[in-house]
Amino acid sequence: MAKMHITTTINGEPTEFLCEPYETMLDVLRDNLGMTGSKEGCGSGDCGACSVTLDDRLVCSCLMLAAEAEGHEIRTIEGMSEGEALHPLQQKFLETAALQCGICTPGVLVAADALLKKNPNPSETEVRYWLAGNLCRCTGYDKIVRAVLETAADLRGAAE
Amino acid sequence: MTDIQYVAPSTLDEAVGAYAAAKGAARILAGGTDLLVQMRAGMVKPGLIVDIKKVAELSAIEKTPEGGFRIGAAVSGAVLEEHPTFGKVWPGVLEGLNLIGSTQVQGRASAGGNLCNGSPAADSIPGLVAAGAIATVQGPNGRRNIPVEQVPTGPGKTSLAPGEILVSFTLPPRPAHSSDAYLRMIPRTEMDIAVVGCAVSLTMDGDTCTAARVSLGAVAPTVLLVEDAAKALVLTKLDDASLDKAAAACSAACNPIDDKRGTIAYRTKVAGVLLKRTTAIAAERAKGG
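Cut-offs applied
- Residues numbered from 1 in each chain as written.
- Chains lettered and ligands numbered in written order.
- Predicted model: local features only at pLDDT ≥ 70, side-chain atom pairs only at ≥ 80, totals over all residues.
- Domains from an automatic or database assignment.
- Contact = placed C-beta atoms within 7 Å.
- Nonpolar A, V, L, I, M, F, W, Y, C, P; charged D, E, K, R; others polar.
- Helix = DSSP H or I, 4+ residues; strand = E, 2+ residues; numbered from the N terminus.
- Expected span 1.5 Å × (residues − 1).
- Buried ≥ 20, exposed ≤ 12 C-beta atoms within 10 Å, placed from the backbone.
- Axes fitted to C-alpha atoms, helices over the stretch in contact; angles between N-to-C directions.
- Parallel < 35°, antiparallel > 145°, perpendicular 65-115°, else oblique.
- Left-handed = near helix turned anticlockwise from the far one by under 90°.
- Core = buried A, V, L, I, M, F, W, Y, C linked by C-beta atoms within 7 Å.
- Pairing = 2+ DSSP bridges.
- Right-handed = clockwise from strand over helix to strand, strands pointing away.
- Arc of directions from axis to C-beta.

1. Focus: the domain arrangement of chain B
Residue and element names in this part refer to chain B.
(1) Moving on: Considered domain by domain, chain B is made up of domain 1 (5–171) and domain 2 (178–288).
(2) Moving on: Taken residue by residue, the interface counts 25 residues in domain 1 and 26 residues in domain 2.
(3) Moving on: A breakdown of the residues in the side of domain 1 that touches domain 2 according to their chemical character gives 14 nonpolar, eight polar and three charged.

2. Here's the deal with helix α10 (residues 240–253) of chain B
Residues and elements named next belong to chain B.
(1) Moving on: Helix length check: α10 (14 residues) gives 20 Å between terminal C-alpha atoms against 20 Å at 1.5 Å per residue, within 8%.
(2) Moving on: All buried positions along α10 are accounted for by Leu-243, Ala-246, Ala-247, Ala-249, Cys-250, Ser-251 and Ala-253.
(3) Moving on: Buried residues along α10 sit in contact with β13 (208–217), β14 (224–225), α9 (227–233) and α11 (264–288).

3. Some points on the packing of helix α2 (residues 88–95) of chain A against helix α5 (residues 142–159) of chain A
A pair of packed helices is characterised by two quantities: the angle between their axes and the separation of those axes.
Residues and elements named next belong to chain A.
(1) Moving on: Contact pair α2 / α5: the axes reach a minimum separation of 9 Å and the direction vectors enclose 130 degrees. On the basis of their axis angle, the class for α2 and α5 is oblique. Crossing geometry of α2 relative to α5 is assigned as right-handed. Side by side, α2 and α5 meet where Pro-88, Leu-89, Lys-92 and Phe-93 of the first sit next to Ala-147, Glu-150, Thr-151, Asp-154 and Leu-155 of the second.

4. Digging into the environment of Ala-252 of chain B
(1) Moving on: Following the sequence through the fold, Ala-252 of chain B ends up in helix α10.
(2) Moving on: Along the sequence, Ala-252 of chain B and Val-226 of chain B sit 26 residues apart, while their C-alpha atoms lie 9.5 Å from each other.

5. Points about the interface of chain B and chain A
(1) Moving on: Taken together, the contacts link 24 residues of chain B with 24 residues of chain A.
(2) Moving on: Taken together, the elements giving at least two residues each to the side of chain B that touches chain A come down to β1 (5–7), α2 (35–40), β3 (48–51) and α6 (103–106) of chain B.
(3) Moving on: Among the elements that make up the side of chain B that touches chain A, the one with the highest residue count is α2 of chain B (four residues).
(4) Moving on: Class assignment of the residues belonging to the side of chain B that touches chain A gives a composition of ten nonpolar, nine polar and five charged.

6. Thoughts on the nonpolar core
(1) Moving on: Within the largest apolar cluster, 142 residues are counted, with the highest numbers of intra-cluster contacts made by Val-196 and Cys-250 of chain B.
(2) Moving on: The element best represented in this core is helix α3 (residues 105–118) of chain A, accounting for eight residues.
(3) Moving on: Sequence-distant contacts of Cys-250 of chain B, that is, excluding residues within four places in its chain, are made with Val-214, Leu-216, Val-226, Ala-229, Ala-271, Gly-272 and Leu-275 of chain B.

7. Section: the sheet that holds strand β1 (residues 4–10) of chain A
Residues and elements named next belong to chain A.
(1) Moving on: If you walk across this open sheet you meet the five strands as β2-β1-β5-β3-β4, and the pairing is mixed. Of all strands in the sheet, those bounded by a partner on one side alone are β2 (13–19) and β4 (57–60). Each strand of the sheet is rotated relative to its neighbour by a mean of 40 degrees, with strand direction disregarded.
(2) Moving on: Note: strand β3 (residues 51–54) against β4, four bridges, orientation antiparallel. Counted as the bridge partner of Thr-53 is Leu-58 from β4.
(3) Moving on: Along the sheet, helix α1 (residues 25–32) makes contact with β2, β3 and β5 (73–75), crossing β2 at roughly 100 degrees.
(4) Moving on: Relative to the sheet, α3 contacts β3 and β4, its axis offset from that of β3 by approximately 40 degrees.

8. Description of the pairing of β3 of chain B
Residues and elements named next belong to chain B.
(1) Moving on: Alignment of β1 against β3, held across three bridges, turns out to be parallel. Pairing of Gln-5 across the sheet is with Leu-48, part of β3.
(2) Moving on: Alignment of strand β2 (residues 26–29) against β3, held across four bridges, turns out to be parallel. Within β3, the residue paired with Ala-26 across the bridge is Leu-48.
(3) Moving on: Handedness of the crossover joining β2 and β3 through α2 is recorded here as right-handed.

9. So, unusual backbone geometry
(1) Moving on: One non-glycine residue, Ala-97 of chain A, lies in the positive phi region at around 50 degrees.
(2) Moving on: By the secondary structure assignment, Ala-97 of chain A is in the loop between α2 and α3.
(3) Moving on: For His-177 of chain B, which is not a glycine, the phi torsion comes out positive at approximately 55 degrees.
(4) Moving on: Relative to the helices and strands, His-177 of chain B resides in the loop between β10 (165–171) and β11 (178–185).

10. Observations regarding helix α1 (residues 12–21) of chain B
Residues and elements named next belong to chain B.
(1) Moving on: Residues of α1 that are buried include every one of Ala-15, Val-16 and Tyr-19, and no others. Down the axis of α1, the buried set is contained in an arc of 95 degrees. They therefore lie on one face. Relative to its buried face, α1 has exposed residues pointing more than 90 degrees away, namely Asp-13 and Ala-21.
(2) Moving on: Looking at the buried side of α1, the elements it contacts are β2, β3, β6 (134–139) and β10.
(3) Moving on: At the exit of α1 stands Lys-23, carrying a positive phi of roughly 50 degrees.

11. Focus on the domain arrangement of chain A
By a frequent convention, interface size equals the accessible area lost on bringing the separate parts together.
All names here are of chain A.
(1) Moving on: We note that the domain assignment places domain 1 (4–79) and domain 2 (88–159) within chain A.
(2) Moving on: A separation of 22 Å is found between the C-alpha centroids of domain 1 and domain 2.
(3) Moving on: Partitioned by chemical class, the residues of the side of domain 1 that touches domain 2 number six nonpolar, six polar and one charged.

Structure below.
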């Protein structure tokens, strides 16, 4: 069976790849394209470690076939910083130690970025519900939630 | 999984043709939040995956000429939530759909997939049943319309014929002072499967309920339409005696399983409790509208 030839956009770059019809977007990102920032935690959409955006909508890349990327736009953790300049969320997570082992962190950052683009001024409750699908076994979530809220406040301050 | 194929047709005729030609070896892909999990677990090994999201009708949200809504079967909860008016008219339908899974899952999961997956605990289905939604399906022999409650026939089973694809849900026009609500009982607040789900749709005239539909999830092999509960509410002021009667009708309709999420006795009792709580929310919303 011939592989499928997919033409898509990843982190703003026109990208082509070959994949099997059953391969997930996560498989292709990690194994074909060398973009290993997105993690496989559960492979069943429960943990959020593989979070990416598909046409700016937050999804689990383990629950998406790579073939579905045809003609669409994917953004991953690799596209979050601008070169060496970290995204404000990344910077805040470092400064406030909002991570421990780090496996969940790429997914949390992609999810938090999607939230702040949609809602620049979320309440703590809104942050907690939005991130309910990003499981962290280390932090107890408080530092993550506070880092997201502080980044949101910084970004609002910078926008004024 | 070596001989699997993927197609993403742009017309419904092509999708039905490919799906029917595969004679049961094909699976429909909408949001994929059930299908990909089932494939990974080895529960299903489709020879053909028919991605229906490129078919315009399956991804559309439209007003019907009668003033209702038509929701494509593949529309995700996140997209429906962003619709400017749907959630104002049918808040209960929307809250049921968007109780499913995480933000990530809501970005993909559709009510159509939830219905066709056939789970008795499907959170988006009681709301659609209470709404009186009609499912449109299309197969090799043409198109037909069936009430949503007639689609599931048991856990994982539907009344769709071989080759038939769920196309859309049509929700009726809403009289003034109508609204709905959905509540589910789970031991936590998020990311769980209903122990009991209850949807109530009401029309109010002042303090009097003039029309009602009640649906329960997770208490029987399929989502249930509970007509006796609705009858107990109609032409009452939703007083305690009427609510007790409707709650008893809900408990009487239950035919649940015992499992780790809840016992038969617990589910049966909670069905009545949820009826009262859900009715109160729907009535408050209806009076406000």
